[in-house]
Amino acid sequence: MSRKKTPKSKGASAPAASVLPAANGSRPARPGIARPGPQVRPDGPPQLGRPSLGSGDFYDVAFKVMLVGDSGVGKTCLLVRFKDGAFLAGTFISTVGIDFRNKVLDVDGMKVKLQIWDTAGQERFRSVTHAYYRDAHALLLLYDVTNKASFDNIQAWLTEIQEYAQHDVVLMLLGNKVDSAQERAVKREDGEKLAKEYGLPFMETSAKTGLNVDLAFTAIAKELKQRSTKAPSEPRFRLHDYVKREGRGASCCTP
Ligand SMILES: Nc1nc2c(ncn2[C@@H]2O[C@H](COP(=O)(O)OP(=O)(O)OP(=O)(O)O)[C@@H](O)[C@H]2O)c(=O)[nH]1
Ligand SMILES: [Mg+2]
């Protein structure tokens, strides 16, 4: 398999022009971008054999992963934790439109590039994010364990996903902010029950402590890699089992 270089990841300051409405309300807005940079085409099957453009890490195969869920559940923080190993504490800066970052993972000896799209949870950007669903190979659907409304809205998100995403998209449910034990409003069992009802792999995460964050993205990368490259002799990767086995409880890693 040919080796490629991934272009430098785009951050919030990506130069592409925003075509999105100006922020209103009290929250400051983090500028996003309206479409991928010209060097990456996130549509269709995993990218193989693309030429190397610019500097960056080599990769063998690339996939597009989208973060979705209500505003404030921690999508941007989860991505920043995964990409940079840091936590964005302080003022909540709501994402405008859509933004993305790249990260290359080593999955069983293969370089897997995840192009991770961070969507805006605010209702007014819904039509923007709808356009991106069909190109996603995987979706991480988040709620905030301290915000019951964000959990109650999961069914509506699933309806939306059913309508706009590919039928075989890899989907995982994440209950974020488990570090906030005092403010917990959604029990772990309720998350598990909902996930079971819809046949989804499920984990509780914390962008603040990093709990299960790498694991969530690694699990997705393993599943996608297996789907695209599995040799008939290779044992099947089981996403549900992997997440169940490797996932850690909220009480394990409080700093
Ligand atoms: N305690 C705690 N706070 C978190 C965690 N993740 C995010 N937050 C906080 O929650 C707020 C919202 O986080 P964001 O990541 O910006 O939320 P978002 O889902 O990207 O929101 P939108 O961009 O509006 O869709 C911020 O104030 C974060 O600091 C977490 O794991 N634990
Ligand atoms: Mg955000």
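The shown structure was predicted, so the numbers you read here are calculated from the model rather than taken from an experiment.

A. Looking closely at the site of ligand 1. In the vicinity of ligand 1 lie 25 residues, with Ser71, Lys75, Ser94, Gly121 and Asp179 positioned nearest. Contact between ligand 1 and Ser71: an oxygen atom at 2.6 Å from a side-chain N or O atom of the residue. In this structure, Thr95 approaches ligand 1 through a main-chain N or O atom, which is 2.8 Å from an oxygen atom. Counting residues per element, the ones that place at least two in the shell around ligand 1 are α1 (75–84) and β5 (94–95). Looking at which element gives the most residues to the shell around ligand 1, the answer is α1, with 3 residues. Of the residues contributing to the shell around ligand 1, the split by class is 8 nonpolar, 12 polar and 5 charged.

B. Inspection of the coordination of the magnesium ion (ligand 2) at higher detail. Coordination of the magnesium ion (ligand 2) by the protein comes from Thr76 (OG1) and Thr95 (OG1), over a distance range of 2.1 Å. Of the two residues, Thr76 is situated in helix α1 and Thr95 in strand β5; the sequence distance between them amounts to 19 residues.

C. Inspection of helix α4 (residues 154–164) at higher detail. All of the buried residues along α4 are Ile154, Trp157, Leu158, Glu160 and Ile161. Mapping the buried residues of α4 onto a view down its axis gives an arc of 160°, with all of them on the same face. The outward face of α4, more than 90 degrees from its buried face, is lined by the exposed residues Gln162 and Glu163. Looking at the buried side of α4, the elements it contacts are β4 (61–69), α2 (126–133), β8 (138–144), α3 (148–152), β9 (170–176) and α5 (188–198).

D. Spotlight on the pattern of salt bridges. This structure, assessed with the given rule, holds 13 salt bridges. Ionic pairing is found between Arg101 and Asp84, a salt bridge with its closest N-O pair at 3.3 Å. Placement of the pair is Arg101 in strand β6 (residues 98–107) and Asp84 in helix α1, with a sequence separation of 17 residues. Across the salt bridge formed by Glu204 and Arg184, the nearest N and O atoms sit 2.8 Å from each other. Placement of Glu204 in strand β10 (residues 202–204) and of Arg184 in the loop between β9 and α5 is noted, with a sequence separation of 20 residues between them. Exposure remark for Glu204: the relative accessible area of 2% places this residue in the buried category. A relative accessible area of 29% places Arg184 in the partly exposed class. Taken together, the shared-partner salt bridges in this structure form one network comprising Arg184, Arg188, Glu192 and Glu204.

E. Representation of the confidence of the model for the protein chain in the model. Considering every residue of the protein chain, the mean pLDDT works out to 81; 74% of them sit at 70 or more. Low pLDDT, under 50, characterises residues 6–44; the predicted model gives this stretch 96 contacts beyond four residues in sequence or across chains. Contacts of residues 48–55 to residues separated by more than four positions or lying in other chains number 18 contacts, the stretch itself having pLDDT below 50. With pTM at 0.81, the complex prediction returns an ipTM value of 0.99.

F. The packing of helix α6 (residues 213–229) against helix α7 (residues 239–246), seen in detail. Running from N to C, α6 and α7 point in directions that differ by 155°, and their axes come no closer than 10 Å. On the basis of their axis angle, the class for α6 and α7 is roughly antiparallel. Handedness of the crossing formed by α6 with α7: right-handed. Counting all contacts with α6, which are made through Leu215, Thr218, Ala219, Ile220, Lys222 and Glu223, the residues of α7 involved are Leu239, Tyr242, Val243 and Glu246. Partitioned by chemical class, the residues of the contact of α6 with α7 number 6 nonpolar, 1 polar and 3 charged.

G. Local environment of the sheet that holds strand β7 (residues 110–119). Here 6 strands make up an open sheet; going across it, the order is β6-β7-β4-β8-β9-β10 and the pairing mixed. Of all the strands in the sheet, the pair left with one neighbour each is β6 and β10. The mean angle between the axes of side-by-side strands here comes to 25°, regardless of whether they run parallel or antiparallel. Bridge analysis of β9 against β10 gives 3 bridges, and the strand direction is parallel.

H. Spatial organisation of the pairing of β4. The element β4 is extensively covered by neighbouring structure, given that 9 of its 9 residues are classed as buried. Here β4 shows two buried faces, one formed by Val61, Phe63, Val65, Leu67 and Gly69 and the other by Ala62, Lys64, Met66 and Val68. In terms of strand pairing, β4 meets β7 through 7 bridges, oriented parallel. What sits directly across from Lys64, in β7, is Gln115.

About the cut-offs
Residues numbered from 1 in each chain as written. Chains lettered and ligands numbered in written order. Predicted model: local features only at pLDDT ≥ 70, side-chain atom pairs only at ≥ 80, totals over all residues. Heavy atoms only, no water. Near = heavy atom within 4 Å. Polar contact = N/O pair within 3.5 Å; in protein donor to acceptor, adjacent residues only side chain to side chain. Helix = DSSP H or I, 4+ residues; strand = E, 2+ residues; numbered from the N terminus. Nonpolar A, V, L, I, M, F, W, Y, C, P; charged D, E, K, R; others polar. Donors = N, O, S within 2.8 Å, 3.2 Å for Na, K, Ca; no water. Buried < 20%, exposed > 50% of the residue type's maximum accessible area, 1.4 Å probe, protein only. Arc of directions from axis to C-beta. Contact = heavy atoms within 4.5 Å. Salt bridge = Lys/Arg side-chain N within 4 Å of Asp/Glu carboxyl O. pLDDT = per-residue confidence, 0-100. Axes fitted to C-alpha atoms, helices over the stretch in contact; angles between N-to-C directions. Parallel < 35°, antiparallel > 145°, perpendicular 65-115°, else oblique. Left-handed = near helix turned anticlockwise from the far one by under 90°. Pairing = 2+ DSSP bridges.

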